[in-house]
Amino acid sequence: MMTPWFAPIIWEGTYNLKILNEQFRLRNVSIGLTVFAIKKYMTFLKGFLQTAERYFMTGHRVNYYIFTDRVEAIPKVKLRKGRKIVPLKIQNYLRWQDISMRRMETIRNFSQQQFIHEVEYLVCVDVDMIFRHPVGVEILSELFGTLHPAFYFAERDIFTYERRPDSQAYIPPEEGDFYYAGGFFGGTVAEVCKLTEMCHKAIMMDKEKNLEAVWHDESHLNKYFLYHKPTKILSPEYLWDDNIISPKKPKIKRFLTVGKNHSAIRNKRRAV
Ligand code: 5GW
Ligand code: MN
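Residues numbered from 1 in each chain as written. Chains lettered and ligands numbered in written order. Predicted model: local features only at pLDDT ≥ 70, side-chain atom pairs only at ≥ 80, totals over all residues. Heavy atoms only, no water.

A. How the structure looks around the overall build of the protein. When its secondary structure is counted, the protein shows 5 helices and 10 strands. With the C-alpha coordinates of the protein rotated into their principal frame, the extents come out at 50 × 40 × 35 Å. For the protein, with 272 residues in total, the buried portion stands at 56%. Here the analysis covers contacts within the protein between residues at least 6 apart in sequence; of these, 76% occur between residues at least 24 apart. Element-wise, carbon and sulfur atoms account for 55% of the exposed surface of the protein, whose accessible area totals about 13,100 Å². (Helix = DSSP H or I, 4+ residues; strand = E, 2+ residues; numbered from the N terminus. Buried < 20%, exposed > 50% of the residue type's maximum accessible area, 1.4 Å probe, protein only. Contact = heavy atoms within 4.5 Å. Areas by Shrake-Rupley, 256 points an atom, 1.4 Å probe, with all protein chains shown as cover.)

B. Representation of the coordination of the manganese ion (ligand 2). Protein coordination at the manganese ion (ligand 2) comes from Asp126 (OD), Asp128 (OD) and Asp128 (OD), with a distance range of 2.1 to 2.5 Å. Given a relative accessible area of 22%, Asp126 falls into the partly exposed group. (Donors = N, O, S within 2.8 Å, 3.2 Å for Na, K, Ca; no water.)

C. Main features of the pattern of salt bridges. Under the counting rule described, the total for this entry stands at 16 salt bridges. A salt bridge links Arg164 to Glu162, with the nearest nitrogen and oxygen atoms 2.8 Å apart. Relative accessible area serves as the criterion here: at 36%, Arg164 is assigned to the partly exposed category. The partner of Arg254 in a salt bridge is Glu237, and the shortest N-O contact between them spans 2.9 Å. Of the two residues, Arg254 sits in the loop between strand E9 (232–234) and strand E10 (255–257) while Glu237 sits in the loop between E9 and E10, which places them 17 residues apart along the sequence. (Salt bridge = Lys/Arg side-chain N within 4 Å of Asp/Glu carboxyl O.)

D. Molecular detail of a nonpolar patch on the surface. Where nonpolar side chains cluster on the molecular surface, the patch consists of Met1, Met2 and Phe6 and spans about 420 Å² of accessible area. With respect to the helices and strands, Met1 occurs in the segment before strand E1 (9–10). (Patch = residues over 30% accessible without salt bridge, like charges linked within 9 Å, V, L, I, M, F, W, Y side chains within 5 Å.)

E. Quick look at the confidence of the model for the protein. Residue-level pLDDT values for the protein average 95, and 96% of them are 70 or greater. The spread of mean pLDDT over the elements of the protein runs between helix H3 (residues 96–118), the lowest at 97, and strand E5 (residues 121–125), the highest at 99. Low confidence marks residues 263–269, where pLDDT is under 50. Its contacts with residues over four positions away, or in another chain, come to 6 contacts. (pLDDT = per-residue confidence, 0-100.)

F. Broad picture of the site of ligand 1. Taken together, the neighbourhood of ligand 1 is formed by 13 residues, with Phe36, Ile38, Tyr41, Asp128 and Lys260 sitting nearest. Separating an oxygen atom of ligand 1 from a backbone N or O atom of Phe36 is a distance of 2.6 Å. One nitrogen or oxygen atom from the side chain of Asp126 is found 3.0 Å from an oxygen atom belonging to ligand 1. For the shell around ligand 1, the leading source of residues is H3, giving 3 residues. In the shell around ligand 1, the residues fall into 7 nonpolar, no polar and 6 charged. (Near = heavy atom within 4 Å. Polar contact = N/O pair within 3.5 Å; in protein donor to acceptor, adjacent residues only side chain to side chain. Nonpolar A, V, L, I, M, F, W, Y, C, P; charged D, E, K, R; others polar.)

G. Just the environment of Trp11, in detail. Within the element layout of this structure, Trp11 appears in the loop between E1 and helix H1 (17–26). For Trp11, a relative accessible area of 23% corresponds to the partly exposed category. Along the sequence, Trp11 and Lys251 sit 240 residues apart, while their C-alpha atoms lie 9.2 Å from each other. In contact with Trp11, not counting residues within four places along its chain, are Tyr152, Ser235, Pro236, Glu237 and Pro250.

Okay, here's the thing in structure tokens:
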């Protein structure tokens, strides 16, 4: 329920949403949800947006920041009052690893130029997902990360941190608090800006050495969180995958991966 550095771990039943909603409504807080829909991943956007309208930050102001190479293909989804879609055109990358990793650079750039003037918090997530239960202001804090559903019950020695000392994402075997998921993090715009800046620089330093961290941007995110401790940690309720074989399952699965078959495109299955 609490990390050794006194950051709460957010599980159902640990907070009173009514009180939190009142506090955040008094501040008239606005939240930016960043998501990337490049190439084929545009197909996930409709379900993502429709379920976000139902479950994400209900009653608060939300900007959906949608990064895509095809702005015209963004589906028309009816939004509630106080919520809007902000299409942001970006270039495509040939390698999927680059699509994933360049998210850090893109979020850094737009945070400095735009998001800082428009929202207080950023929530940065994968698009191949749907919301099935509420995700609200209980997640908001200066800097937050999410426990990876495949590792929240696991011991540190099986965490898939980057283990090559040459990489900027390197974490020594005797270090590391949790294994965080690359698909759900956030915080104030200023904190997300620092995070994405440092992760992007680390990715570029690796690239110069012809290195790519084992889990790409996720490896760099884990390194960042080791030395910049999150002020809140989200339980795997906030990023669940029904394909994961887990001894314990959370009571509520709020945000779930959508099934996809990538085996033809890449060889990327995690040993659990
Ligand atoms: C394409 C092929 C293989 C892997 C990723 C992509 C891909 C990812 C893409 O073509 N377009 C795209 O927008 N993405 C973005 O990167 C999506 O927002 C996606 O959610 C995110 C991370 O990629 P995922 O979701 O395939 O990664 P895992 O680790 O969740 O499987
Ligand atoms: Mn994903």
